[in-house]
Amino acid sequence: MADTPAYPTDLQLYIDGEWIGRGDRDVQAVVNPESGETLAELPLATTDDLDRALAAAEIGFREWRNRDVNERGAMLRKTAELLRERAGEIAPLLTMEQGKPVKEAIGEVIGAAALFDWFAEEARRAYGRVLVRPPGQRSMVLQQPIGPVAAFSPWNFPHFLMARKLAPALAAGCSIICKPPEETPACAAALMKCVADAGVPGNVAQLVHGVPAEVSSHLIASPVIRKLSFTGSVPVGKHLMKLAAENVTRTTMELGGHAPVLIFDDCDLDRTLDILVPQKFRNAGQVCVAPTRFYVQSGVYDRFVEEFTSRTEQFTVGSGLEDATQMGPLANARRPEAVGALIDEAKANGARVATGGARYTPTGKDGGFFFQPTVLADVPLEARIMSDEPFGPVALMRPFDSFDEAIEQANRLPYGLAAFAFTENGRQANRLGDLIEAGMVGINTVGISSADAPFGGVKQSGYGSEDGIEGLQAYMVTKAVHQA
Ligand code: NAD
């Protein structure tokens, strides 16, 4: 691909309006998942850096909450504009550090811009209400910004998921310290640069990296932080909720899932495959709402497995920087290990590998984190992969007979983020919408994430919603003012 920008070698933190380089800080290597080679060294925040960020966030909040909401909205709109202008420069950086194809990376940056646009408008709609009282008296319910926020976002959508916290916090009038993943710092810095260039003060939006456990325990223990927002794995989310309990800090937790896909024999099979195959392998399957457990009605099971498999075998895997690539490497060295171990265990339990199932080197170079797009058929329920989120390019298939059985299977795990179903029967579709235990249900679609719709899980998939009007409320507290 032409015009690939150089990866920045001067990675920095952004604290109290200052871009801060390595100095005598510890560093962590940023690795290119396509080759395993080091791209740059990332400075890690010291305790003093974090204390400085906390002090700035406290002052920044006092000023920012009092800004005219139209001014805040204008800065968010400007951020969106800058993101769209710079998408072509930011996307290859994201690809170099995360692996996804550039086309997907551009979509991620444009998606982040859409969040800033949405919350620029929503900022004005933080309505309260006035209660009915005798003449001369007033009781009002006010929505007010909650206070400084600590936001932890993961490496699978490192740009978009940071924006999903940053935009609503700023819209609500909060200051925010972002701690995006250490694996993908350049696209996070590029986002923060847009925010700063749009005029948001440097003590209002800040960026730190560090040892995750150290940063989170330090920030969450501080009385300055009034809100914790985390996207990542269930175990880390539970741990952070315990830390937050100490100061009764409010949390939003988006903790992933293990999405079921119910394929009924009355579905439009070609259209269903057109939708599901690319969606399964988007971002190499490292998506919290990725379609994962395919339960297929017996009448169409064999045909579905066969056609899904043959389409999977046509998928072009390679460098994310190549135009033709449909799937890049996995994001870090942990992923192929974890995915491979789950597949081996499933095979030992009787699952049939319809295609894929192993690491490989499509670029001809060793050292990358590639894994074959994989279809496992007849996967027994006892296999760990049917309960542990594979978070990789693996589709799991099982047949079912009745509607009730399908619902039972869909709801059998302690997770409930996304679920999908494909049927042409409208009455059945309504019942699916009612009965599936998930925060988002896609019927005949996988389009379940948009700026105006709440996104979040039930059961152990999380707590609270992002996006939508709920996404703004997550950064506000309710106050009742009574006046006689
Ligand atoms: P992990 O559990 O080590 O980390 C998950 C995320 O949490 C990472 O971004 C990491 O930097 C962060 N983290 C880890 N410990 C932390 C701490 N003490 N304080 C603050 N942040 C902390 O797992 P991983 O290997 O990075 O990812 C593996 C699993 O995580 C996946 O299998 C998937 O289930 C889950 N995951 C979910 C999402 C999502 O969008 N919900 C995103 C990424 C990963």
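Calculation notes
- Residues numbered from 1 in each chain as written.
- Predicted model: local features only at pLDDT ≥ 70, side-chain atom pairs only at ≥ 80, totals over all residues.
- Heavy atoms only, no water.
- Phe/Tyr/Trp six-rings, centres within 6.5 Å; stacked < 30°, edge-to-face > 60°.
- Helix = DSSP H or I, 4+ residues; strand = E, 2+ residues; numbered from the N terminus.
- Lys NZ or Arg CZ within 6 Å of the ring centre and 35° of its normal.
- Buried < 20%, exposed > 50% of the residue type's maximum accessible area, 1.4 Å probe, protein only.
- Contact = heavy atoms within 4.5 Å.
- Polar contact = N/O pair within 3.5 Å; in protein donor to acceptor, adjacent residues only side chain to side chain.
- Near = heavy atom within 4 Å.
- Domains from an automatic or database assignment.
- Buried area = accessible area lost by both parts, 1.4 Å probe.
- Salt bridge = Lys/Arg side-chain N within 4 Å of Asp/Glu carboxyl O.
- Nonpolar A, V, L, I, M, F, W, Y, C, P; charged D, E, K, R; others polar.
- Core = buried A, V, L, I, M, F, W, Y, C linked by side-chain atoms within 4.5 Å.
- Axes fitted to C-alpha atoms, helices over the stretch in contact; angles between N-to-C directions.
- Parallel < 35°, antiparallel > 145°, perpendicular 65-115°, else oblique.
- Left-handed = near helix turned anticlockwise from the far one by under 90°.

Peer 1: Where do I start with the packing of aromatic side chains in this structure?
Peer 2: Aromatic ring pairs are defined here through the distance separating the ring centres and the angle between the ring planes. On inspection of all chains with the given rule, the structure shows nine aromatic pairs. Where Phe 281 meets Phe 315, the ring centres are 5.3 Å apart and the plane angle is 55°; that geometry is what we call tilted. With Phe 281 in helix α8 (residues 269-281) and Phe 315 in the loop between α9 (298-313) and α10 (334-348), the pair connects residues that are 34 residues apart, well separated along the chain. An aromatic cluster of three or more residues is present, and its members are Phe 281, Phe 294, Phe 304, Phe 308 and Phe 315. The ring of Phe 455 has Arg 164 lying over it, and the distance from NZ or CZ to the ring centre is 3.9 Å. Of note, Lys 227 hangs over the ring of Tyr 475, and the distance from its end group to the ring centre comes to 5.4 Å.

Peer 1: Looking at this model, I keep getting lost on the environment of Glu 254. Mind explaining?
Peer 2: Relative to the helices and strands, Glu 254 resides in strand β11 (residues 250-254). A residue is classified by how much of its surface remains accessible, and Glu 254, at 1% relative accessible area, is buried. C-alpha separation for the pair Glu 254 and Val 234, spaced 20 residues apart in sequence, amounts to 8.4 Å. Dropping the residues within four chain positions of it, Glu 254 is found in contact with Phe 230, Thr 231, Gly 232, Cys 288, Leu 417, Phe 455, Ser 461 and Glu 466. Within the structure, the side chain of Glu 254 is placed 3.1 Å from the backbone nitrogen of Gly 256, a separation counted as a polar contact.

Peer 1: Could you clarify how one ought to interpret the site of the ligand in this entry?
Peer 2: Taken together, 21 residues sit near the ligand, with Trp 155, Ser 216, Ser 233, Arg 334 and Glu 389 positioned nearest. The contact in question runs from a nitrogen atom of the ligand to an N or O atom on the backbone of Gly 232, over 3.3 Å. Where the shell around the ligand is concerned, the elements lending two or more residues are α6 (212-221), β10 (227-231), α7 (234-245) and α10. Take the shell around the ligand: its biggest share by element is three residues, from α6.

Peer 1: Could you clarify how one ought to interpret the domain arrangement of the protein in this entry?
Peer 2: Interface size, as often reported, equals the accessible area lost upon joining of the parts. With domains assigned, the protein is organised as domain 1 (13-255 + 461-483) and domain 2 (260-449). Relative to domain 2, the C-alpha centre of domain 1 lies at a distance of 31 Å. Contact residues are listed per partner, giving 25 residues for domain 1 and 31 residues for domain 2. Across the domain 1/domain 2 interface, buried area totals approximately 2,100 Å², and carbon plus sulfur atoms make up 54% of it. On the domain 1 side of the interface with domain 2, the three residues burying the most area are Glu 34, Trp 155 and Ser 461, jointly 29% of the side's total. Run the count over domain 1 and domain 2 and you get one salt bridge. Between Glu 183 and Arg 334 there is a salt bridge, with the nearest N and O atoms lying 2.9 Å from each other. Applying the counting criterion to the domain 1 and domain 2 interface returns 12 residue pairs in polar contact (both at pLDDT 80 or more). Sorting the residues of the side of domain 1 that touches domain 2 by element identifies α2 (69-98), α3 (102-122) and α4 (160-172) as the ones contributing at least two each. No other element matches α2, which puts four residues into the side of domain 1 that touches domain 2. Of the residues in the side of domain 1 that touches domain 2, the class split is 10 nonpolar, seven polar and eight charged.

Peer 1: When you look at the pattern of salt bridges in this model, what are you seeing that I'm missing?
Peer 2: Think of it this way: side chains of opposite charge can pair up when their charged atoms draw near. Tallied over the full model, the rule gives 25 salt bridges. As a salt-bridge pair, Glu 18 and Arg 52 come within 2.8 Å of each other at their nearest N and O atoms. Here Arg 52 lies in helix α1 (residues 47-64) and Glu 18 lies in strand β2 (residues 18-20), a separation of 34 residues in the sequence. Residue class for Glu 18 comes out partly exposed when judged on its relative accessible area of 38%. Overall, Arg 52 belongs to the partly exposed group, its relative accessible area being 33%. Here Arg 352 ties to Asp 378 by a salt bridge, and the two come within 3.5 Å at their closest N and O atoms. Separated by 26 residues along the polypeptide, Arg 352 in strand β14 (residues 352-355) and Asp 378 in the loop between β15 (374-377) and β16 (394-400) bring together distant segments of the chain. We classify Asp 378 as partly exposed; its relative accessible area is 35%. One network of salt bridges, with partners in common, ties together Arg 77, Glu 121, Glu 122, Arg 124 and Arg 125.

Peer 1: How should I be thinking about unusual backbone geometry in this particular structure?
Peer 2: Of note, the phi angle at Val 248 is positive, near 50°, even though the residue is not glycine. Looking at the element boundaries, Val 248 is found in the loop between α7 and β11. For Val 248, a relative accessible area of 71% translates into the label exposed. Despite not being glycine, Asp 378 shows a phi value in the positive range, around 50°.

Peer 1: Whenever I open this one, the nonpolar core confuses me. Can you help?
Peer 2: Side chains of a nonpolar character, in soluble globular proteins, are inclined to be buried together. In this structure, Phe 116, Leu 166, Leu 170, Phe 304, Phe 308 and Ile 385 are the most contacted members of the largest nonpolar core, which totals 133 residues. With 11 residues, α2 is the single largest residue contributor to this core. Summarising the domain contributions, this core has at least three residues from each of domain 1 (13-255 + 461-483) and domain 2 (260-449). Excluding its chain neighbours within four sequence positions, the residues that come into contact with Leu 166 are Phe 116, Ile 176, Cys 178, Leu 191, Met 192, Val 195 and Ala 205.

Peer 1: In this structure, what is going on with the packing of α4 against helix α5 (residues 185-197)? I would like to understand it.
Peer 2: The geometry of a pair of packed helices is captured by two quantities: the angle between their axes and the separation between those axes. For the pair α4 and α5, interaxial distance at closest approach is 11 Å and the crossing angle is 20°. In this view, α4 runs roughly parallel relative to α5, as classed from their interaxial angle. In the crossing of α4 with α5, the sense of the turn from one axis to the other is right-handed. Contact residues: α4 offers Met 162, Ala 163, Leu 166 and Leu 170, while α5 offers Ala 188, Leu 191, Met 192 and Val 195. Of the residues that constitute the contact of α4 with α5, the class distribution is eight nonpolar, no polar and no charged.

Peer 1: I keep staring at the packing of helix α11 (residues 403-410) against helix α12 (residues 426-435) and nothing clicks. Help me out?
Peer 2: Orientation of α11 relative to α12, taken along the N-to-C sense of each, is 30°, at an axis distance of 11 Å. Considering the angle they form, α11 stands roughly parallel to α12. As for how α11 packs across α12, the hand of that crossing is right-handed. Along its contact with α11, which presents Phe 403, Asp 404 and Ile 407, the element α12 presents Gln 428, Arg 431, Leu 432 and Leu 435. Among the residues forming the contact of α11 with α12, the class breakdown is four nonpolar, one polar and two charged.

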